[in-house]
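# Overview (structure and organization)
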Amino acid sequence: NAGVTQTPKFQVLKTGQSMTLQCAQDMNHEYMSWYRQDPGMGLRLIHYSVGAGITDQGEVPNGYNVSRSTTEDFPLRLLSAAPSQTSVYFCASSYLRAGATDTQYFGPGTRLTVL
Amino acid sequence: DQQVKQNSPSLSVQEGRISILNCDYTNSMFDYFLWYKKYPAEGPTFLISISSIKDKNEDGRFTVFLNKSAKHLSLHIVPSQPGDSAVYFCAASAGAGGTSYGKLTFGQGTILTVHP
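It should be emphasised that the depicted structure is a prediction, and the values quoted were computed from it without experimental measurement.

Further remarks concern unusual backbone geometry. Cis geometry is found at the peptide bond from T7 of chain A to P8 of chain A, where omega equals -5°. Structurally, P8 of chain A is set in the loop between β1 (4-7) and β2 (10-13). In this model, V78 of chain B is joined to P79 of chain B through a cis peptide bond whose omega is -15°. Relative to the helices and strands, P79 of chain B is located in the loop between β8 (72-77) and β9 (86-93). The phi torsion at N28 of chain A lies on the positive side, around 60°, for a residue other than glycine. Among the secondary structure elements, N28 of chain A is positioned in the loop between β3 (19-25) and β4 (31-38). Of note in this structure, K71 of chain B is not a glycine but carries a positive phi near 50°.

Here it is, written out as structure tokens:
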């Protein structure tokens, strides 16, 4: 049981380049989400998904796309990277229960630098 | 608009003493609160949580207190150990509302340093 895995661990991009941050979980969790962590800002929700084929925007969605074709995978796409997207990105997953919140489990993070 | 605030960026305590980390929130729809601990170069890990129907939850050395009227919660660590040195995030959710689907709103984090 690997939990939540993220690749790559580190990435440097030039402005305008595109890339996909990978996230996978093996706990059969319905709920998956992406956060970014910036100094003094805590973790802010980018996008989330409540199941395969269902995604929605979080607090800071601009510049990012997501899709959820399987329960296990939830990739985050940067279509045209900007220096403002330099951050540490965390993927998280949890079970989903109506009217309740379950503990979210986080991956180890991807540190992205956009030059 | 920061709905969850941790106003102390850092806290330094001596080993064996009590650490108290504070968190304030503004959204009255929040009904579930969590604390996460984060070491450098790792993802946050769940520490303890509390539902709004309670005012206290205890797990070993960790206790979370909730004061709904003041919209304030605190995490007490007794006794503090050097291994507790980490960044602590407070998070809140309006899960019972049914439509929030477990979305978490995080505070800015507090860096706890426990000195031997």
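After that view of the structure, there is still more to cover.
On to the side chain of R36 of chain A. Residue and element names in this part refer to chain A. As for its placement among the helices and strands, R36 is situated in strand β4. Here D38 takes part through its side chain, which lies 2.8 Å from a polar atom of the side chain of R36. Leaving out residues up to four positions away in the same chain, R36 has contacts with G42, L43, R44, I46, V60, Y64, S84, Q85, T86, S87, V88 and Y89.

Attention shifts here to the sheet that holds strand β6 (residues 56-59) of chain B. Across the sheet, five strands lie side by side as β1-β3-β8-β7-β6 (chain B); this open sheet has antiparallel pairing. The open sheet has two free edges, formed respectively by β1 (4-5) and β6 of chain B, since each of these has just one partner strand.

All right, on to the sheet that holds strand β8 (residues 76-78) of chain A then. Residues and elements named next belong to chain A. Strands sit in the order β1-β3-β8-β7 across an open sheet of four strands; the sheet is antiparallel. Single-partner strands in this sheet number two, and they are β1 and β7 (64-66). On average, each strand axis in the sheet is inclined to that of its neighbour by 20°, with strand direction left out of account. Inspection of the sheet shows β3 paired to β8 by three bridges, in the antiparallel sense. Each residue of the ladder has a partner; that of M19, found in β8, is L78.

Conventions adopted
Residues numbered from 1 in each chain as written. Chains lettered and ligands numbered in written order. Predicted model: local features only at pLDDT ≥ 70, side-chain atom pairs only at ≥ 80, totals over all residues. Heavy atoms only, no water. Helix = DSSP H or I, 4+ residues; strand = E, 2+ residues; numbered from the N terminus. Polar contact = N/O pair within 3.5 Å; in protein donor to acceptor, adjacent residues only side chain to side chain. Contact = heavy atoms within 4.5 Å. Pairing = 2+ DSSP bridges. Axes fitted to C-alpha atoms, helices over the stretch in contact; angles between N-to-C directions.

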